[in-house]
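Given next are the chains, with one letter for each unit.
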Amino acid sequence: MTEPRVVCWFSAGAASAVAAKLIVAEKPANLVIAYTDPGSEHPDNKRFLDDCEEWFGHPIQCLSSDKYKDTWAVFDTGYLVSPYGAFCTTELKKKVRRKFQLPDDIQVFGYTSEEQHRADRFREQNIEVNLRTPLIEHGLSKQDCLAMVSRAGIELPMMYKLGYPNNNCIGCV
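Residues numbered from 1 in each chain as written. Predicted model: local features only at pLDDT ≥ 70, side-chain atom pairs only at ≥ 80, totals over all residues. Heavy atoms only, no water.

Trainee: Teacher, can you tell me more about the environment of Phe10 here?
Mentor: In this structure, Phe10 sits in the loop between β1 (6-9) and α1 (14-26). Take Phe10: its relative accessible area is 2%, and that puts it in the buried class. Separated by 98 residues in sequence, Phe10 and Val108 place their C-alpha atoms 8.8 Å apart. (Helix = DSSP H or I, 4+ residues; strand = E, 2+ residues; numbered from the N terminus. Buried < 20%, exposed > 50% of the residue type's maximum accessible area, 1.4 Å probe, protein only.)

Trainee: Would you mind going over the state of the cysteines with me for this structure?
Mentor: The term disulfide refers to a covalent linkage connecting the sulfur atoms of a pair of cysteines. What the rule picks out here adds up to 0 disulfides. Left without a disulfide partner, Cys8 is nearest to the cysteine sulfur of Cys52, which lies 12 Å away. (Disulfide = S-S within 2.5 Å.)

Trainee: Teacher, can you tell me more about the sheet that holds strand β3 (residues 60-63) here?
Mentor: Each strand in a sheet pairs with its neighbour through backbone hydrogen bonds, running either in the same direction (parallel) or in the opposite one (antiparallel). If you walk across this open sheet you meet the 5 strands as β3-β2-β1-β6-β7, and the pairing is parallel. Every interior strand has two partners, whereas the edge strands, β3 and β7 (130-132), have only one. Recorded for the sheet is a direction-independent mean angle of 30° between the axes of neighbouring strands. Pairing geometry for β1 and strand β2 (residues 31-36), over 4 bridges, is parallel. Looking at the pairing, Val6 lines up with Leu31 of β2. Across the sheet, helix α2 (residues 44-56) lies against β2 and β3, angled at about 145° from β3, the strand it touches most. (Pairing = 2+ DSSP bridges. Axes fitted to C-alpha atoms, helices over the stretch in contact; angles between N-to-C directions. Contact = heavy atoms within 4.5 Å.)

Following this line, the structure appears as structure tokens:
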């Protein structure tokens, strides 16, 4: 019987980078670092992804929607956001993740210590997912993650430098 995959969901942000680095250090047998590319992020994310791949010493598997090219294609449907969140997030990230995941995967997300409520909500809404949150396990905040990436000699993604709190898509709704 093979061990389940450990899938680290890398968002091209500092928190998910540190979460992946912590899991890489554990040396799981079936590690996958996956990036769901929404097609609308800053071009500097490619550089950050490459830098992190080198830091991890492990490849990052890029996944994307087979229905939408980018957020603008989703916006063209005329539906941006609802009480359930942004439609582009559902189409370009959540559906891509769900299509890729296997029932026995251990899924790693970069929820920081100040995001315990988000992790709790994710668990409640995704009871089928075996979730790990190494940043919460280690008590690491967003500021800790930004500092750790910088100390590793990796330049933070441009969206942080432009003053955004997260490295989301350009024009995030």
